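Structural description and commentary
Here is how the chains run, residue by residue.
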Amino acid sequence: RELPERIKDDIENHDYDSVITKSRTLLEEVLIFIIEHLTHEKYKSGGDLIKIYQETTDLLNMRQKSEWDKRVNELLGGLHKLISAISSMRNMNSDAHGAGSGRIQIKKREALLAAHSSMMIAEYLPYEMQKALDLIPLVGSSTDIFRTNTFRIFGKLIWSPYLLITIPVLIGIL
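Residues numbered from 1 in each chain as written. Predicted model: local features only at pLDDT ≥ 70, side-chain atom pairs only at ≥ 80, totals over all residues. Heavy atoms only, no water.

Right, let's get into the overall build of the chain. A tally of helices and strands in the chain yields 8 helices and 2 strands. Helices and strands in the chain line up, N terminus first, as α-α-α-α-α-α-α-β-β-α. A buried classification covers 43% of the 174 residues belonging to the chain. Look at the contacts in the chain between residues 6 or more apart in sequence, and 54% of them connect residues 24 or more apart. For the chain, the accessible area works out to roughly 9,900 Å², and carbon and sulfur atoms hold 55% of it. (Helix = DSSP H or I, 4+ residues; strand = E, 2+ residues; numbered from the N terminus. Buried < 20%, exposed > 50% of the residue type's maximum accessible area, 1.4 Å probe, protein only. Contact = heavy atoms within 4.5 Å. Areas by Shrake-Rupley, 256 points an atom, 1.4 Å probe, with all protein chains shown as cover.)

Structure representation (structure tokens):
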């Protein structure tokens, strides 16, 4: 099943630790997809989400710059803060690591914020790549791909950023 649906299921089941872990996974998958798509090389992730995000923003020319409008830089800074917070919550508070009695209880409101933030970022960052994906006849519109993180091939729902790379390469579009 697609990751955003599993995140929603975890929210409904009050498994907020898992929501944080899956939100971070969604971000990492999308960031690595962008890096691999733009560099045409397999990315070796060390698991440092902030480093992966910075590499992605470098490739997308989305780093804050003094010549840009202050408000644009503030928005970009906000994205960085969201990713940093989700990464930190996952590393310190979620079910990914044992924390014993020091674990902080993640509430529904924090889980919702992390889930919706990660889904928004996962849709926003690949926006420029959507134009190329619109040319691929098998997968439908690129907006649908990034909104749902799934696409159909021969009637089967698929979620995999790697297939989004493989199919265009095989048919010679990218």
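This part is about helix H2 (residues 16-39). With 24 residues, H2 should reach 34 Å at 1.5 Å per residue; the first-to-last C-alpha distance of 35 Å fits that figure. Burial analysis of H2 places 20 of its 24 residues in the buried class, the great majority of the element. Positive phi appears at His40, one or two residues downstream of H2, with a value of about 60°. (Expected span 1.5 Å × (residues − 1).)

Attention now moves to the nonpolar core. Among soluble globular proteins, nonpolar side chains are generally buried collectively. With 34 residues, the main nonpolar core has Ile7, Leu26, Ile83 and Leu125 as its most contacted residues. Put simply, the parts of the chain that give this core at least two residues each are helix H1 (3-12), H2, helix H3 (49-59), helix H4 (70-93) and helix H5 (108-124). Here this core takes 11 residues from H2, the largest share from any one element. Look past the residues within four positions of Ile7 in its chain and what remains in contact with it is Val19, Lys22, Ser23, Leu26, Ala115 and Met119. (Core = buried A, V, L, I, M, F, W, Y, C linked by side-chain atoms within 4.5 Å.)

Tallying each qualifying case throughout the model produces 8 salt bridges. With a shortest N-O distance of 3.1 Å, Glu55 and Lys51 are connected by a salt bridge. Of this pair, Glu55 and Lys51 both sit in helix H3, separated by 4 residues, roughly a single helical turn. Judged by its relative accessible area of 25%, Glu55 falls in the partly exposed class. By relative accessible area, which is 44% here, Lys51 ends up partly exposed. (Salt bridge = Lys/Arg side-chain N within 4 Å of Asp/Glu carboxyl O.)

What follows is about the packing of H1 against H2. Between H1 and H2, the least distance of the axes is 8 Å, while the angle of their chain directions is 165°. Here H1 lies roughly antiparallel to H2, going by the angle between them. When the axes of H1 and H2 are compared, the crossing they make is left-handed. Mapping the contact onto sequence places Leu3, Arg6, Ile7, Asp10 and Ile11 in H1 and Tyr16, Ser18, Val19, Lys22, Ser23, Thr25 and Leu26 in H2. (Axes fitted to C-alpha atoms, helices over the stretch in contact; angles between N-to-C directions. Parallel < 35°, antiparallel > 145°, perpendicular 65-115°, else oblique. Left-handed = near helix turned anticlockwise from the far one by under 90°.)

With that settled, the discussion passes to the confidence of the model for the chain. Detailed reading of the predicted coordinates is not advisable wherever pLDDT falls low. Scored by pLDDT, the chain has a mean of 77; 66% of the residues are at 70 or more. Low pLDDT (under 50) marks residues 135-149, which in the prediction has 38 contacts with non-local residues, meaning those over four places away or in another chain. (pLDDT = per-residue confidence, 0-100.)

One non-glycine residue, His14, lies in positive phi territory at about 60°. Position of His14 among the secondary structure elements: in the loop between H1 and H2. Its relative accessible area of 56% is what places His14 among the exposed residues.

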